[in-house]
Amino acid sequence: MADRDIAFAQFVTAKADSLQRTAYLLCGDWHRAEDLTQVTFTKLYRSWPRLTDRDALDGYARKVLVRAFLSERRLGWFRREHVTAEHAESPERGWSPPEDRMVLLAALAKVPPGQRAVLVLRYWEDMSIEDTARALECSEGTVKSQAARGLQALRALLGEAPLSRRRGA
Amino acid sequence: MNEQELRGALRDAMAEVVPPRPVTANSALTRAHRAQRRRRANLAGIGVGAVVVALVAGAVTLNSHPWEGTAEPSPPSNTHTSAPPLTGGESDNAPVGSPEYARGKNLLAAVPAALPSGLVPASGQQLTGAKFDPRRHEEIQAGPSKQWIYRAREPVARPGQPGVGEVDVQVFGPGNGLPIDVCAAAQNLTHGAACTLKQVGGKSVALVSHPDDTRLGAAAVYRYADGTVVGVVHSSSVYGAGLPGLAQPPLTDDQLANLALSPGFKVV
């Protein structure tokens, strides 16, 4: 195996799980999360010879991931998603959500994609405003406003009580 | 809810979550190599002169896979260039009571009646324990023209037999930008490798399968004269739902092609 492939495989092994989780929070569906993660790695592999600053690799991978997510959102492909931008029907046929965590994830998936990307990078990835702006290729002001709007949207979707209870407040 | 609460809640929510199929180094390398070969073949095909022009322009997007087709961001550097701002505010689903919502709901309602004999909507009992509600409709605004796309997903079963499969219908209204050639449209939508045309009552229906991706069943796509495109995908299980799947795919090719022609699916 070439040196490039060895280094790339090591990076994939180390980062696949966390990238896939971030992708899941972005898109709300494991199938699409897997695809987005694969696409991210494919793009990274293509750029690998130019990625000489290994310290910046994590941030770049997240940038590629979130850009892939936002680009994909604008296309009309068959998508294998299970979330919430959907209207569940036919409660008489007997289904109810089995877990409370689905409430938050479902609400997050209803937040507009751009705001959702900011929320995930800021509050899941713990990226700074500056790094989030760099990843999304937008201004820091846009990150702040999108974060505020995203939080507001989540509040509206969830209300205060469910999360407060979850956090033991 | 404040920022700290959201941080904690996200971690609580994700603590129990395990990716059903984690990406491995081997699969990532295989796909990367395949993409590289495809890219090289495409570059060779368009000629050296065009390559030089395109590379100088910095806008080479030659991959055929839609999700791989967008240019990747520039690798990290010391300089940060400005880029288009986030668009935000995209509408994912239509408000309850809106015409688009009604179309999505009508599409879902049309699926059970269109199913061939021997296939029925899964019962509540069969859906017990699902990780999400597999029966749903969705309205998506996508593309530069903000076209509405309507989608209905119906979990299906065979009477007296275990397992739940899925029938997934998507409808794209006129002006959707999909290729006019129905096979090209079908491959565009499904990433399918192989397409065959099936004649049903004088109408051409594209049947595609995706041999590299066992999660996707076969798909049938029909294009109406006004440009409306109806696509139907079927799967022997509902991906990620945690339910037992059917022993066989829900539909035959003939049944799948017939389903794509269901008049009830033309909601636009």
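Residues numbered from 1 in each chain as written. Chains lettered and ligands numbered in written order. Predicted model: local features only at pLDDT ≥ 70, side-chain atom pairs only at ≥ 80, totals over all residues.

Help me get a handle on the overall build of chain A, residues and values and all.
Counting secondary structure elements, chain A contains eight helices and one strand. Listing every helix and strand of chain A by position from the N terminus yields α-α-α-β-α-α-α-α-α. Looking at chain A as a whole, 53% of its 169 residues qualify as buried. Considering only residue pairs separated by 6 or more positions, chain A has 69% of its internal contacts joining residues 24 or more positions apart. (Helix = DSSP H or I, 4+ residues; strand = E, 2+ residues; numbered from the N terminus. Buried ≥ 20, exposed ≤ 12 C-beta atoms within 10 Å, placed from the backbone. Contact = placed C-beta atoms within 7 Å.)

Before we move on, can you summarise helix α4 (residues 99-114) of chain B with the specific residues and values?
All names here are of chain B. Taking 1.5 Å per residue as the helical rise, α4 with its 16 residues ought to reach 22 Å, and the 22 Å between its terminal C-alpha atoms agrees with that figure. Three or more residues of α4 are buried, namely Gly104, Leu107, Leu108 and Val111. Summarising the axial view, the buried residues of α4 lie within an arc of 90 degrees, below the 170-degree limit, and thus occupy one face. Turned more than 90 degrees away from the buried face of α4 sit Pro99 and Ala113, all of them exposed. (Expected span 1.5 Å × (residues − 1). Arc of directions from axis to C-beta.)

Residue-level account of the pairing of strand β7 (residues 219-223) of chain B, with values.
Residue and element names in this part refer to chain B. Buried residues dominate β7, accounting for five of its five residues. By the alternation rule, side chains of β7 split into Ala219, Val221 and Arg223 and Ala220 and Tyr222, which are all buried. Of the pairings in the sheet, the one linking strand β6 (residues 203-209) to β7 comprises three bridges and is antiparallel in character. Bridge pairing links valine 208 to alanine 219 in β7. (Pairing = 2+ DSSP bridges.)

Explain the nonpolar core to me, and be specific about the residues and the numbers.
Ranked by internal contacts, the top residues of the largest apolar core, which has 58 residues, are Ala23(A), Leu65(A), Val66(A), Phe69(A), Leu108(A) and Ala117(A). Examining the composition of this core, we find that 10 residues originate from one element, helix α1 (residues 3-27) of chain A, more than from any other. Those residues in contact with Ala117(A) that sit more than four places away from it in its chain are Leu26(A), Val66(A), Phe69(A), Leu70(A) and Leu136(A). Of all hydrophobic cores here, the second largest spans 49 residues; its members include Val156(B), Val167(B), Leu207(B) and Ala257(B). (Core = buried A, V, L, I, M, F, W, Y, C linked by C-beta atoms within 7 Å.)

Please provide a residue-by-residue account of the environment of Leu259(B), values included.
All names here are of chain B. Tracing the chain through its elements places leucine 259 in helix α7 (residues 253-260). Note on leucine 259: 24 C-beta atoms within 10 Å, which makes it buried. Through-space distance from the C-alpha of leucine 259 to that of tyrosine 222 is 9.8 Å; in sequence the pair is 37 residues apart. Those residues in contact with leucine 259 that lie beyond four places of it in its chain are Ala114, Ala220, Val232 and Leu251.

Please set out the environment of Val111(B) residue by residue, giving values where relevant.
Checked against the element boundaries, Val111(B) lands in helix α4. Between the C-alpha atoms of Val111(B) and Glu154(B), which are 43 residues apart in sequence, the distance is 7.0 Å.

An account of the confidence of the model for chain A is needed here, citing residue identities and associated values.
Close reading of the predicted structure is inappropriate where its pLDDT is low. Residues and elements named next belong to chain A. With 75% of its residues at a pLDDT of 70 or more, chain A shows a mean pLDDT of 76. Element-level mean pLDDT values for chain A span from 42 in strand β1 (residues 86-88) up to 91 in helix α5 (residues 113-124). Low pLDDT (under 50) marks residues 161-169, which in the prediction has 12 contacts with non-local residues, meaning those over four places away or in another chain. (pLDDT = per-residue confidence, 0-100.)

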